[in-house]
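Coordinate inspection notes
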Amino acid sequence: KPGSVGLSQLDLMTQVSVKICGMVALQDVEASVDAGADYLGFVFFEKSPRNLSVPQAATLMQDVPDAVQKVALLVNPTDVFLSDLLAAAPVDLLQLHGSETPERLFEIKETTGVPVMKALGVADQSDLAAIDSYADVADQILVDAKPPKGADLPGGNGLAFDWTLIANRTWSQPWMLAGGLRPDNARAAISRTGAVQLDVSSGVETAPGVKDPALIRAFIETAKRSY
């Protein structure tokens, strides 16, 4: 996928990729795959209403088509947990949402052999420098809204940030936009940022951790029709 470029610079046939994050049940997986999701996210963070055990995730992942990327969302994972997870579940991408340094990302990539996506929160212009510092080591960057102070969750809070901060930005690696996305603002998000990958979780739920198949389909259809 290309990095961030202005909307006018993108070919009109650009296909937006969509990640539906927070799978907790087989119906979530089926609804997302049927609607055309490109990535499915599986959360391993105890404070999240979408948290899974390794056996639960392994069961949900087993019937996901090869063309759909299975993403493990992790917060400062230990080597032991990573080893246990990857021995049990067919993970395609590790999404790191904690305080992992660029050095730790490199170490995880070297140890596991699995591509890594680093999630970085944005609240103002000063937060963009951190993205640059990770771009050379991460295989992908997830540009998310910075969680409010005291928040229990590093992501999935349903908050957006000022998209003009990243309009027409270019990074050396593919990137994905997250934070407060919903079916009714997906098109605007793409138009204002030039994003060609979107990540949604709470924006397709009726309650924390409760996915709505109709919202999933609406989000994916809107995103993929935006170019």
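Refer to the structure presented above.
A short tour of the structure in this document, coming up.

Reading the values: rules and limits
Residues numbered from 1 in each chain as written. Predicted model: local features only at pLDDT ≥ 70, side-chain atom pairs only at ≥ 80, totals over all residues. Heavy atoms only, no water. Helix = DSSP H or I, 4+ residues; strand = E, 2+ residues; numbered from the N terminus. Buried < 20%, exposed > 50% of the residue type's maximum accessible area, 1.4 Å probe, protein only. Polar contact = N/O pair within 3.5 Å; in protein donor to acceptor, adjacent residues only side chain to side chain. Contact = heavy atoms within 4.5 Å. Salt bridge = Lys/Arg side-chain N within 4 Å of Asp/Glu carboxyl O. Phe/Tyr/Trp six-rings, centres within 6.5 Å; stacked < 30°, edge-to-face > 60°.

Below, the discussion takes up the environment of T164. On the secondary structure map, T164 appears in the loop between β6 (140-145) and β7 (175-177). Taking the relative accessible area as the measure of exposure, T164 reaches 56% and is therefore exposed. Distance in space between the C-alpha atoms of T164 and R192 is 6.7 Å, their sequence separation being 28 residues. There is a polar contact of 2.6 Å between the side chain of T164 and the side chain of D162.

Along the polypeptide, P65 turns up in the loop between α2 (54-61) and β3 (69-74). Judged by relative accessible area, which is 34%, P65 ranks as partly exposed. Along the sequence, P65 and D38 sit 27 residues apart, while their C-alpha atoms lie 10.0 Å from each other. Beyond its immediate sequence surroundings of up to four residues, P65 is in contact with V33 and K70.

Bringing the pattern of salt bridges into the picture now. In the structure shown here, the tally under the stated rule is 13 salt bridges. Of the charged contacts, one joins K224 and D38 as a salt bridge, the two residues approaching to 2.8 Å between their closest N and O atoms. Here D38 lies in the loop between α1 (26-35) and β2 (39-44) and K224 lies in helix α7 (residues 213-224), a separation of 186 residues in the sequence. Its relative accessible area of 22% is what places K224 among the partly exposed residues. D38 gets classed as partly exposed once you look at its relative accessible area, which sits at 22%. Close ionic contact of E107 with R104 constitutes a salt bridge, the shortest N to O distance being 2.4 Å.

Turning to unusual backbone geometry, a few remarks are in order. Phi at N76 is positive, roughly 50°, even though this residue is not glycine. By secondary structure assignment, the location of N76 is in the loop between β3 and α3 (79-88).

Next up on the list: the packing of aromatic side chains. In this structure the tally under the stated criterion is 2 aromatic pairs. With a centroid separation of 5.9 Å and an interplanar angle of 65°, the aromatic rings of F44 and F81 are classed as edge-to-face. Of this pair, F44 sits in strand β2 while F81 sits in helix α3; the two residues are 37 residues apart in sequence, bridging distant segments of the chain. Assessed through its relative accessible area of 8%, F44 is described here as buried. On the numbers, 5.5 Å between centres and 75° between planes, the contact of W171 with W175 is edge-to-face.

Without other data, these values stay purely geometric and don't point to any function.
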